Each structure stands twice: as structure tokens, then as C-alpha cells.
Amino acid sequence: MYDAIIVGARCAGSPTAMLLARNGKRVLVVERGTFPSDTFSTHFVTAPGTALLERWGAVELLKERGVPFFDHIVLNVAGNPMNTRDVFGPRLVCSPRRTDLDLVLRDMALAAGAEVRMETSVADLLRDGAGRVSGVRLRDANGNHTEEFAPVVVGADGRTGVVGRSVAPSARDEHEIHGRGLFAYFDEFEYQSEAAGFFDAAFVFAFPTGPKSACIGTEVGPEVDGAVRADPEAVFLERIAFDDDLLRRVKAATRDGRWHTGEVGEGFFRHAAGPGWALVGDAALTKDPLLGHGITDSFLSAELLAQAIQKGADGDMDAALAEYDEALWRFLGPIYEASRDAALDFAKPGDEMFAAVMPAQMLIAEEAEMVLSGGPTL
């Protein structure tokens, strides 16, 4: 019998397991994949998320793997450069490859005492006679099945994960996401900071992921789906060309691997807890990736859920999980709504696109102050 079973060992599941294990809880994490491995991601960790990495002791471990950290972002708004340090003060940010971030967080969970089973998937959720989730039926890489039990099963397995599908939570909000990501990794890339640009009909970004390497890309609307399928590099270069200096540095770099494209399609904020179950990270809420705030959402939800499970272990677990559900909406709902309401039209002028995301950016700055002050707390 475990205190918690967590499905998914990436940037939502491993921090939840680590925090619980550090408080003496017996935790099982199951992950169907292998590490290190990538997943579709912009990699950017906003200031509140990076502050949590500092709190957990992950920054030095990531630096040892060559991940660069910066105290600002350079924004190019229709040809006018802006340094976020001048507006918000110095705030540490980073963009680690998921081959680095997820591996470090998984290993931190192991070091804290969590049990992690890789290449293990969930065949079914188990329920007691009253219908409450009580455990999982697992299948390992060899096809062997086992059953494990806990007072709470956590879905940290993404927006289409098995836990969310099985419990079918109701949604607080649902909306259509119009943006599509298009990016690639580049080596021998010259950088000095995190960077993004808002230009007429183009949003571009260059996020350093390691020594002389970066994730560089753009977000586009559905009207160019055909062009992206036909020639992603041409679409990418057309948008990068709005920034002469970025184009120069990209042409001097070497692309590492294929072009990555993808769309989220639907954004949502789900009720994230019920009898014997909880959702964390993308399983609980998914929004447009433009703000690069999804990893931070995962970290914040991990903090809140770990507190709730700790509280529930000493009393009423389902009441504590319901408290988590409300706290998640209280803390993450405002930025989710601001991101949804930006409703970016990628045919707009750059200054209008930038103005549309500024309300969410201001909320992220407030969120960073909250984390630096010790939050979030139930």
C-alpha cells in the first residue's frame, strides 16, 4: 500500500513525487516511456517556475548538465527591443531540453525515496465497492500485470492521459486554441539571453537549451497549415527574417534533427480532483503554448497537490483533494483566462500581439513574487 501512486514521471509527476517523498510518504511513480527522452515542448520555464527549481535544489543539477540560466528576456516588439529586467527587475529563467529537465526531476524523486518504474503503463484504474479510485492495474515492458493500491492516484500523464480519460472530469472552461508550434533545435548558435519577437504576422522565439544550442521556432495560425506541411523550413525562415540579427545567427548555426510541428487544438481547465484521484500539470489545464507557462503550471500544481495529499493523509483525503481543486483554480485560473482571452490572431501587427499578451505577463510577474514569498499554499 502506497500513500500515493503517480502516473507520469515528467515535469508534473516527478516534482509531486519528490515533494511527497521528502515528507516521508511512500510514493510509486509509473512512467510508460524511457528517459532521457524528448516531448513536444517549447522548454521555456518562466520566472515563477525557475524560482521553484531553485527552491527544490534543481538549478545546480541542471547547470551541471550545461543548461544556461538568464536573469532576463530580450523581447523584440515590431523592431523595438525591450529587456524584461528593465520592467520587472532581474528574474531567473531557463529553457532546458526535456532530456535534461525530466531526467533531473525524476532522479530527484528517486533520491528523495520515491519508487519509480519506467516502461510501465496503466492498464486500468481500480475502484472500491463505492466507486472510489483505489489503485491501478499496471503492465510492464514484458507484458506482466500487477495491481497496486493507494488512497490517491494522480494523473500526471498529460492532457490525453489515461487517468483523465478514466475519471472523465468536468471542465471549468474549454476553448479552441488557434496557434501551432513550429520549431527545431540548433547547435553552434550564438546567444546571449532568452529571446522572443512580435512582428507583423509573426511571433518567433530563440530559447537557449544548452552550451551553444537552442530551441528556435515560431507559432503560426491554421491558415498556413498547408505551407508548413509542404515546406516547414520555408515558413520558419520567412518569419525569422523579420529579425535580421536572429536570421544571421540561425544561418550560422546547424540544425540538429527534424522540424517539430504540432497543435494543441483544445484548451481546458478541468476540475482536478475527485474521490481517490487528482490531476496535475497538463492533465489538469492546457492553454496556448505562446506564453511558455505550461511547465511552470506543472510545478505550481505539484506544490499544491503535494500539500493536499500530505494534509489528506492526516485526515480526510477527499476533502483535501477538493481543497486542492479549488486552490488550483484560484492560483492558476487568472493566467489561464488571460491567455485564453488574448485569442491571438497571428495576422495582427506585432505591437498588437504584444499588447494582447501583456495582461498575462503582468500576472506571471505577480506569480513570481508569490513564489519568492514562499507560495503557493493551500
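Brief notes about the pairing of strand 13 (residues 180–187)
Here strand 13 lies mainly inside the structure; 7 of its 8 residues are buried. Of the strand pairs in this sheet, strand 13 and strand 16 (residues 213–220) are connected by 8 bridges, and their pairing is antiparallel. Its bridge partner being in strand 16, Tyr185 is matched across the sheet by Cys215.

What to know about the sheet that holds strand 11 (residues 153–155)
One open sheet accounts for 6 strands, arranged 7-2-1-11-20-19; its pairing is mixed. Edge strands, defined here as strands with exactly one partner in the open sheet, are strand 7 (115–118) and strand 19 (273–274). With 2 bridges connecting them, strand 19 and strand 20 (residues 277–279) associate as antiparallel partners. Its bridge partner being in strand 20, Ala273 is matched across the sheet by Ala278.

Focus on the nonpolar core
Judged by nonpolar contacts, the single largest core of 77 residues is most densely connected at Leu53, Trp56, Phe299, Ile309 and Tyr324. It is helix 10 (residues 294–313) that provides the largest number of residues to this core, a total of 9 residues. Apart from residues lying up to four places away in sequence, Tyr324 is in contact with Ala272, Ala273, Ala278, Leu279, Val280, Ser301, Leu304, Leu305, Ala308 and Leu378. Core analysis: the next-biggest nonpolar cluster, separate from the first, contains 24 residues, Phe44, Val93, Phe203 and Ala338 among them.

Remarks on the pairing of strand 4 (residues 73–77)
On a regular strand, one side chain projects to one face of the sheet and the next to the other, so that they alternate. Counted residue by residue, strand 4 has 4 buried out of 5 residues, so it is predominantly covered. Here 5 bridges tie strand 4 to strand 14 (residues 194–199), and the two strands are oriented parallel to one another. Pairing of Val77 across the sheet is with Phe198, part of strand 14. In terms of strand pairing, strand 4 meets strand 5 (residues 80–83) through 4 bridges, oriented antiparallel.

Notes on the packing of helix 2 (residues 47–56) against helix 12 (residues 350–372)
Two numbers describe how helix 2 lies on helix 12: the axes approach to 8 Å, and their chain directions differ by 15°. Relative to helix 12, the element helix 2 lies roughly parallel. The two elements helix 2 and helix 12 meet at a crossing, and its hand is right-handed. Counting all contacts with helix 2, which are made through Ala47, Pro48, Ala51, Leu52 and Arg55, the residues of helix 12 involved are Ile364, Glu367, Ala368, Val371 and Leu372. Grouping the amino acids of the contact of helix 2 with helix 12 by side-chain chemistry returns 8 nonpolar, no polar and 2 charged.

Concerning helix 1 (residues 13–22)
For helix 1, a buried count of 9 out of 10 residues is recorded, marking the element as mostly surrounded by other parts of the structure. Gly13, Ser14, Pro15, Thr16, Ala17, Met18, Leu19, Leu20 and Ala21 are the residues of helix 1 that are buried. Buried positions along helix 1 lie against strand 1 (4–7), strand 2 (27–31), helix 2, helix 5 (98–112) and helix 10.

Comments concerning helix 9 (residues 244–252)
The α-helix advances 3.6 residues per turn, and as a result positions three or four apart in sequence lie on the same side. The set of residues buried in helix 9 consists of Leu246, Leu247, Arg249 and Val250. All buried residues of helix 9 lie within an arc of 165° about the axis, which places them on one face of the element. For helix 9, the exposed residues set more than 90 degrees away from the buried face come down to Asp244, Lys251 and Ala252. On its buried face, helix 9 sits against strand 13, strand 15 (202–210), strand 16 and helix 8 (232–240). The residue sitting at the N-terminus of helix 9 and contributing the capping side-chain oxygen is Asp243; that oxygen lies 3.2 Å from the backbone nitrogen of Asp245.

Description of the pattern of salt bridges
As enumerated under the stated definition, the model contains 24 salt bridges in all. Of the charged contacts, one joins Asp245 and Arg249 as a salt bridge, the two residues approaching to 3.1 Å between their closest N and O atoms. With Asp245 and Arg249 both in helix 9, this residue pair falls 4 residues apart, about one helical turn. Residue classification places Arg249 among the buried residues on the basis of a relative accessible area of 14%. As a salt-bridge pair, Arg340 and Asp341 come within 2.8 Å of each other at their nearest N and O atoms. Shared partners join several salt bridges into a network, and the residues in it are Glu190, Asp245, Arg248 and Arg249.

Details of the layout of surface pockets
If you add up the space inside the second largest pocket, you get close to 460 Å³. Lining the second largest pocket are 30 residues, with Phe44, Ile73, Thr84, Phe88 and Gln361 sitting closest to its centre. The class makeup of the residues in the lining of the second largest pocket is 20 nonpolar, 6 polar and 4 charged.

Some thoughts on the sheet that holds strand 10 (residues 145–149)
One key point about sheets: their strands pair by backbone hydrogen bonds, in either a parallel or an antiparallel sense. Strand order across the open sheet formed by 3 strands is 8-9-10, with antiparallel pairing between neighbours. Each having just a single partner strand, strand 8 (121–127) and strand 10 make up the two edges of the open sheet. Strand-to-strand, the axes of this sheet are offset by a mean angle of 25°, without reference to chain direction. Bridging between strand 8 and strand 9 (residues 133–139) involves 6 bridges; their strand directions are antiparallel. Within strand 9, the residue paired with Leu125 across the bridge is Val136.

Reading guide: rules and limits
In every chain, residue numbers begin from 1 and rise along the written sequence. Owing to the predicted nature of the model, reporting of local features is limited to residues with pLDDT of at least 70; listing and counting of side-chain atom pairs is limited to 80 or more, with chain, interface and lining totals taken over all residues. To obtain the side-chain values, all non-hydrogen atoms of the structure were included, while hydrogens and water were left out. Categorising residues by exposure relies on relative accessible area from a 1.4 Å probe, with only protein chains included: less than 20% of the type maximum marks a residue as buried, more than 50% marks it as exposed, and the intermediate range marks it as partly exposed. Going along the chain from the N terminus, every DSSP run of H or I of four or more residues is numbered as a helix, and every run of E of two or more is numbered as a strand. A pair of strands is labelled paired if DSSP reports no fewer than 2 bridges between them. The criterion is simple. A nonpolar core is a set of buried Ala, Val, Leu, Ile, Met, Phe, Trp, Tyr and Cys residues joined through side-chain atoms within 4.5 Å. Only heavy atoms matter for contacts: two residues are in contact if any of them lie within 4.5 Å across the pair. What counts as an axis is a line fitted to C-alpha atoms, over the stretch in contact for a helix, and the angles between N-to-C directions run from 0 to 180 degrees. Oblique is the label for any angle not under 35 degrees, not over 145, and not in the 65 to 115 range, which are roughly parallel, roughly antiparallel and roughly perpendicular in turn. Left-handed is the label given to a crossing in which the near helix is rotated counterclockwise from the far helix by less than a right angle, and right-handed is the label when the rotation is clockwise. In this classification, Asp, Glu, Lys and Arg are treated as charged, Ala, Val, Leu, Ile, Met, Phe, Trp, Tyr, Cys and Pro as nonpolar, and every other residue, Gly included, as polar. Taking the helix axis as origin, the arc is that swept by the directions to the C-beta atoms. Distance and chemistry together define a polar contact, namely a pair of N or O atoms within 3.5 Å, with one atom able to donate a hydrogen and the other to accept it when in protein, and with adjacent residues in sequence counting only for side-chain atoms on both sides. When a carboxyl oxygen of Asp or Glu lies within 4 Å of a side-chain nitrogen of Lys or Arg, that pair is called a salt bridge. Buriedness of a pocket was judged along seven lines, with at least five required to meet protein on both sides within 12 Å; pockets are open sets of points on a 1 Å grid over the protein atoms alone, cavities are sets where a 1.4 Å probe fits but cannot get out, and lining residues have an atom within 4 Å of a point. Grid points are joined across faces, edges and corners, and a volume is the space filled by probe spheres set on the points.

These figures capture arrangement, not role.
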